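# Per-entry structural report
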Amino acid sequence: MFVMRQTNYAKWALFFLVLVLASNFILYRSPLSSMIIPEEASLLVLGSLLDFAVVAPLLVLAAFRLTAKQFIGFVAGGFILARLLVPSLYFEPFAVFFYVGIGLEALVLFAEIALLGLLIIHIPKIHRSMKNQTGSPLFTLFPAVFEKIKPNPLIAIILSEALAFYYALFSWKKKAPEGPATVSLHKDTSVIAMNIMLIHAVVIETIGLHWWFHEESPQLSLILLILNIYTVVYFLGEIQAIRLNPLTIKDGNLNVSIGLSKRISVPLEAIESVRWGDKVDKEVLAFMAKDFEEPVPQVVIDFKAPQQATLFYGRTKSVSQIALKVDDPEKLRAILEKNIESR
């Protein structure tokens, strides 16, 4: 889970990264290899090692926002990739670098395992913290965890998966919140029906392809079955997350989400203006349920300063405005006017 830097240098870095990897692949794994590689290839292989373990990680760092741990992982992966790409005959004098890569990857893996252990240890405290907060797990889980553990991409992915399984398997007895400060976003759309259709399609595909693949490759059949089961679980979680999380204004915060993939909680004091029926910018973050027709935003909310939204798999994004389409725009207008004017 990497966030690309929003600069021209990032695009150029990505271009040169592809160029470096492609040129090394052509050098060692193409019909031209026998004509290109000299008999004494030590310097050539050393150059490839530098490409994979130094140049490529630095280009990735220039293109994406990485933590120190992720950068070390790319360096280690570069040594391992070099071993896989360079023929054994040429790589033999540099075999020690392969084991260096394995060692670095092992250190990163142990660090991640320790982080997971820390998460497990803090589960009782996290549960108590969520109970003390008002709101659904969609909005309380991440803050409760990151009170105890430093934000980390792996932890964010695990928490996102936990939310998907919670909503898919353990939320069916819950009722969608209703009240004077809640407005639904999905009832006048086909988003639930579309997700149900996708579930049916996946189930039919699983039944049809599973048996065909089972005769050809039992291992591939099992992998496909697991992926399809996960897909069904995710769509069920998406349906429940949409249904159980309408737009709410509570404890001085505006909470809005679209399923598992997009949510934001903003203090009402951070709202600068509310524009109805106005045009939206390209950078706006839209909270509009999917429909068979392209939804049109009803209202744009501008913030005094950029606010942090949470996207798919826990990625974060700073946004200066959001666009909304709700089932009852007049109720939303009244709620916003009442709460913003009173502050």
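Computed from a predicted structure; not experimentally measured.

Further remarks concern the overall build of the chain. Secondary structure assignment for the chain yields 12 helices and 10 strands. Dimensions of the chain along its principal axes, counting C-alpha atoms only, are 80 × 50 × 45 Å. The buried share among the 343 residues of the chain stands at 40%. Within the chain, residue pairs in contact and separated by at least 24 positions form 68% of the contacts whose partners lie at least 6 positions apart. In the structure as shown, the chain presents an accessible area of about 19,800 Å², 66% of it carried by carbon and sulfur atoms. Averaging the positions of the 31 positive and the 29 negative side-chain charges in the chain gives two centres separated by 8 Å.

An ideal rise of 1.5 Å per residue puts 26 Å on 18 residues; helix α4 (residues 68-85) measures up with 26 Å between its terminal C-alpha atoms. Those residues of α4 that fall on the buried side of the exposure criterion are Q70, G73, V75, A76, G78, F79, I80, A82 and L85. Those residues of α4 hidden inside the fold are in contact with α1 (8-29), α3 (42-63), β2 (64-65), α5 (88-91), α6 (95-121) and α9 (153-169).

As a further point, take α1. Between the first and last C-alpha of α1 there are 31 Å, a value that for 22 residues agrees with the 32 Å anticipated at 1.5 Å per step. Taken as a whole, α1 has its buried residues at A10, A13, L17, V20, N24, L27 and Y28. For α1, the buried positions fall inside an angular range of 120° around the axis, keeping them on one side. Along α1, the residues that are exposed and aim more than 90 degrees away from the buried face are N8, K11, W12 and V18.

Ranked by size, the top nonpolar core spans 29 residues in total, and within it I264, F287, I301, I322 and L324 carry the most contacts. Contributing elements (two or more residues each) for this core: β4 (247-250), β5 (253-258), β6 (262-267), β8 (285-287), β9 (299-311), β10 (316-324) and α12 (329-341). Broken down by element, this core gets its largest block of residues, 5 residues, from β9. The residues contacting I264, other than those within four sequence positions of it, are F139, L254, N255, V256, F287, F303, Q307, Q308, A309, V319 and I322.

This brings us to the pattern of salt bridges. On inspection of all chains with the given rule, the structure shows 2 salt bridges. Across the pair D302 and R275 runs a salt bridge, and its minimum N-O distance is 2.7 Å. Linking D302 in strand β9 with R275 in strand β7 (residues 271-276), this pair joins segments that are 27 residues apart in sequence. Residue class for D302 comes out buried when judged on its relative accessible area of 11%.

Taken N-terminus to C-terminus, the directions of α3 and α4 make an angle of 145°; their axes are 8 Å apart at the nearest point. Classified by chirality, the crossing of α4 by α3 is right-handed. In contact with L49, F52, A53, P57, L58, V60 and L61 of α3, α4 contributes F71, F74, V75, G78, F79, L81, A82 and L85. A breakdown of the residues in the contact of α3 with α4 according to their chemical character gives 14 nonpolar, 1 polar and no charged.

What counts as what
Residues numbered from 1 in each chain as written. Predicted model: local features only at pLDDT ≥ 70, side-chain atom pairs only at ≥ 80, totals over all residues. Heavy atoms only, no water. Helix = DSSP H or I, 4+ residues; strand = E, 2+ residues; numbered from the N terminus. Buried < 20%, exposed > 50% of the residue type's maximum accessible area, 1.4 Å probe, protein only. Contact = heavy atoms within 4.5 Å. Areas by Shrake-Rupley, 256 points an atom, 1.4 Å probe, with all protein chains shown as cover. Lys, Arg positive; Asp, Glu negative; His and termini not counted. Charge placed at Lys NZ, Arg CZ, Asp CG, Glu CD. Expected span 1.5 Å × (residues − 1). Arc of directions from axis to C-beta. Core = buried A, V, L, I, M, F, W, Y, C linked by side-chain atoms within 4.5 Å. Salt bridge = Lys/Arg side-chain N within 4 Å of Asp/Glu carboxyl O. Axes fitted to C-alpha atoms, helices over the stretch in contact; angles between N-to-C directions. Left-handed = near helix turned anticlockwise from the far one by under 90°. Nonpolar A, V, L, I, M, F, W, Y, C, P; charged D, E, K, R; others polar.

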